[in-house]
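Observations on the three-dimensional arrangement
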Amino acid sequence: MAICRCIDLEKVFDLLLHDGLHVSSPKLLNLVDIDFDESRKNLNKKGAIFVVRRKSDFQSSGVRGFIITTKETLAAQSNNLSHFTPNIYRKFGYSDGLRKKIKGFEEKNLLQINSFAIDIDTDRYSVNELLLACIDDSIGLPTFILKTDRGYQIFFVLSTPIYISSKKNYLSLTVAKRIADNFKRSLAAVESDMSCNDFGFFRMPNQNNIVWFNEDSTYEPEKLIAWSQRQDDDIERYLYVISRKTVHSSLLQSEWFQQLIRVTDIKGEKGQIGRNNYLFTLALICYQDGKEKDYAYDLLDEFNTRMDYPLKSQDVMMVLESAYSGRYFGAKKEYVEQLLDLYSLTEKDMPICLGKRVWHKHKKKREDRKNSHVYEWEKDIIHWIGKEKAVSEPFIWCTQKELCTEVGISSSTLNHLLKGAKKLIKTVSGKGRNAKTGWTTVELYLAYIVWLKKQKVDGFIDFIRSIVEDD
C-alpha cells in the first residue's frame, strides 16, 4: 500500500495490463505504426493500447495519438503522456495518411478488460473521503487513485481480465458495462460522472498524480459479477442484451420519447446530463428504432434548432456519427429515466420500452433520489409563496436569484419550470434598475380577483346606503 510519490510504475502497469501487451519487443517499434487490419497472429496474439500526449489531442476531426504494444515502452513514456486506454484492444491503426490519428478504440474491438475506472469530476473530496466511499458504498478499496486537473479517477483492477468476444451478441461486454454502471452508481455520494465513457481514455498514471496505490486491492471477475447482480437486485433491474430486431413498435412514437423531444431548455449542470449526451441518447433511440442516419440527422437538427442553447452543427454531426458507429447497442433505460426526471413536466408514470423488456417509470420517494422532478420544485415554490401571503397582496416581490436561494432550486431548472408551469404566475413591473419581479400562484391570484371584486361590490353598496341615508 502506498500514499506517496515513490511509485514503481512498472509494477503499476504490470498489475494493470496483465498479459495483454508484450513485456518488450525489440523487433517492433515502441510506438507502433501498423495497419488496422493486420492479423493478431503477427503480434503473437497480443493487443495494444492507445495513448495521447496532451488533452488537446482529442479533436473533433479525430484523436491524435500513438499505439503502444509493450509494457516497457509504456513505463518509459508515461511521464510524457496525458491519457491512455487502460484496457486492451485487438485491432489498431491510423486513420490518416500521415499516421497521426489513431483508430480502433471501439468497445466491440476490445480484447480484454483489465480495470474499471470511475471519474470524479470535482476536487471537493479528499482522498480519505473517496476511500471511505469505496469501502462504505461500493465494493471495497480501489487499486489506485489518480489526481486530475478537476478531480480524481478511481481504478479497480481485476485479478484476471474479462476477455471480450462476439459470442451471444457480445454478452461479456454487456456484463462488463453493467459492472461499470454499478460502480458509478455506488459512488454517487462523491459525485461520480455517470456519463463518463466506461472503457475510453483515462489519465495516464505517473509519479506526480498517483495519490493512492494498494497492489493487494484487486478483484476477481466472478466476485465483481456477483456484487453487480446484488446492486441490480436493489433497484429491481435485470441484465439483458438489446436487439434491434426485437423492437416491434416504434420507439419514436412512444409517450416517453414525445416527452423528451418537447424539451428546449437543456444546459446541464454538475452531475446532470447536458446537451451532448441528451442528443446522443435521442440519436441512439433512432438507431435502435432502425431509422436511417439521414432521418436521425433531420430529427436532431430540428430539435437542436429549437433548444435555448443549441449546439454547433458540427457537434450535432459528431454526436450522430458516434451513435451510428455500431459501437453501441442502444439507449440506456437509466439515461432515459434521468432525462425524464430532470426535464419532463409530467408527474405521471409511463412505460419505457427499449426492446423486449418494458419498464414502468414508477415514482420514487424524493428523499431516495439525487434529483427532484420539475413538478416537485413547482410544489416547493407554491408552498413558499403561500406561507405568508394575504389575499389582498398575492405577489412576493423578489429577484429570480433570491427565489432560487429561498427554495433551493437552480436557475436553469427554474427557467425550464416556468416554461411549462400551469400553477405559477410571474410578472415584471417597471423597467431597468427600477424593475421588480412578482411571484404568485394561480390559486392566490384568482382569490385576489374575487376579493377585489367583493371589495368593489361592498364599496358600491356602502355608497348607495350613504345616499339613501342622506335622503
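Let us look at the structure shown here. (Residues numbered from 1 in each chain as written. Predicted model: local features only at pLDDT ≥ 70, side-chain atom pairs only at ≥ 80, totals over all residues. Heavy atoms only, no water.)

1. Looking at the sheet that holds strand β1 (residues 49-52)
The condition that has to hold: Pairing between two strands requires that DSSP report at least two bridges joining them. Helix and strand definitions follow DSSP, with helices as H or I runs of at least four residues and strands as E runs of at least two, each counted in order from the N terminus.
Strand order in the open sheet made by the four strands is β4-β1-β5-β12, with antiparallel pairing throughout. At either margin of the open sheet sits one strand with a lone partner, and together these are β4 (66-68) and β12 (202-203). As paired strands, β1 and strand β5 (residues 83-84) are joined by two bridges and run antiparallel to one another. Across the sheet, the residue bridging to V52 is H83, located in β5.

2. Considering the packing of helix α12 (residues 400-407) against helix α13 (residues 411-420)
Spelled out, the test is: Only the stretch in contact is used when a helix axis is fitted, and all axes are lines through C-alpha atoms; the angle between N-to-C directions ranges over 0 to 180 degrees. What sets the label is the angle itself: under 35 degrees gives roughly parallel, over 145 gives roughly antiparallel, 65 to 115 gives roughly perpendicular, and the rest give oblique. When checking whether two residues touch, look at their non-hydrogen atoms; a contact exists if any pair is within 4.5 Å. Gly is put with the polar residues, along with every residue not named as nonpolar or charged; the nonpolar set is Ala, Val, Leu, Ile, Met, Phe, Trp, Tyr, Cys and Pro, and the charged set is Asp, Glu, Lys and Arg.
Interhelical geometry of α12 versus α13 gives an angle of 105 degrees and a closest axis separation of 10 Å. The angle between α12 and α13 places the two elements in the roughly perpendicular class. For the pair α12 and α13, contact is made by Q400, L403 and C404 and by S411, L414 and N415, respectively. In the contact of α12 with α13, the residues fall into three nonpolar, three polar and no charged.

3. Concerning a nonpolar patch on the surface
The condition is simple: In this scheme, patches are assembled from residues that exceed 30% relative accessible area and form no salt bridge. Like charges are connected within 9 Å, while nonpolar side chains (Val, Leu, Ile, Met, Phe, Trp, Tyr) are connected within 5 Å. Here the Shrake-Rupley method, with its probe set to 1.4 Å, supplies the accessible areas, and only the displayed protein chains count as covering residues. Any Lys or Arg side-chain nitrogen located within 4 Å of an Asp or Glu carboxyl oxygen qualifies as a salt bridge. Note on classification: 1.4 Å probe, protein chains only; a residue is buried when its accessible area is under 20% of the maximum for its type, exposed when over 50%, partly exposed between these limits.
A cluster of nonpolar residues, V391, W451 and L452, forms a patch on the protein surface that exposes about 210 Å² of accessible area. Locating V391 in the fold gives a position in the loop between α11 (374-386) and β17 (396-397). Judged by relative accessible area, which is 35%, V391 ranks as partly exposed.

4. With respect to the packing of aromatic side chains
Put simply, the rule is: Stacked, edge-to-face and tilted are the three classes for Phe, Tyr and Trp ring pairs, Trp counted by its six-membered ring, which pair at centre distances within 6.5 Å; planes under 30 degrees apart are stacked, over 60 edge-to-face, the rest tilted. For a Lys NZ or an Arg CZ to count as sitting over a ring, it must be within 6 Å of the ring centre and within 35 degrees of the ring normal.
For the coordinates displayed, the defined rule picks out 18 aromatic pairs. Each ring, one from F50 and one from F105, has its centre 5.4 Å from the other, and the planes form 75 degrees; the classification is edge-to-face. Here F50 is found in strand β1, whereas its partner F105 is found in the loop between β8 (101-103) and β9 (110-120), with 55 residues between them in sequence. A residue is classified by how much of its surface remains accessible, and F50, at 0% relative accessible area, is buried. When the ring of F155 is compared with that of F202, the centres are 6.0 Å apart and the planes differ by 70 degrees; the resulting orientation is edge-to-face. Placement of F155 in strand β11 (residues 152-163) and of F202 in strand β12 is noted, with a sequence separation of 47 residues between them. Each member of the pair, F155 as well as F202, is classed as buried. Here a set of aromatic residues connected by ring pairs shows up, and it is made of F116, F156, F183, F199, Y219 and W227. Lying over the aromatic face of Y152, K147 brings its terminal NZ or CZ to 5.0 Å of the ring centre. One cation-aromatic arrangement involves K436 over W397; the distance from NZ or CZ to the ring centre is 5.1 Å.

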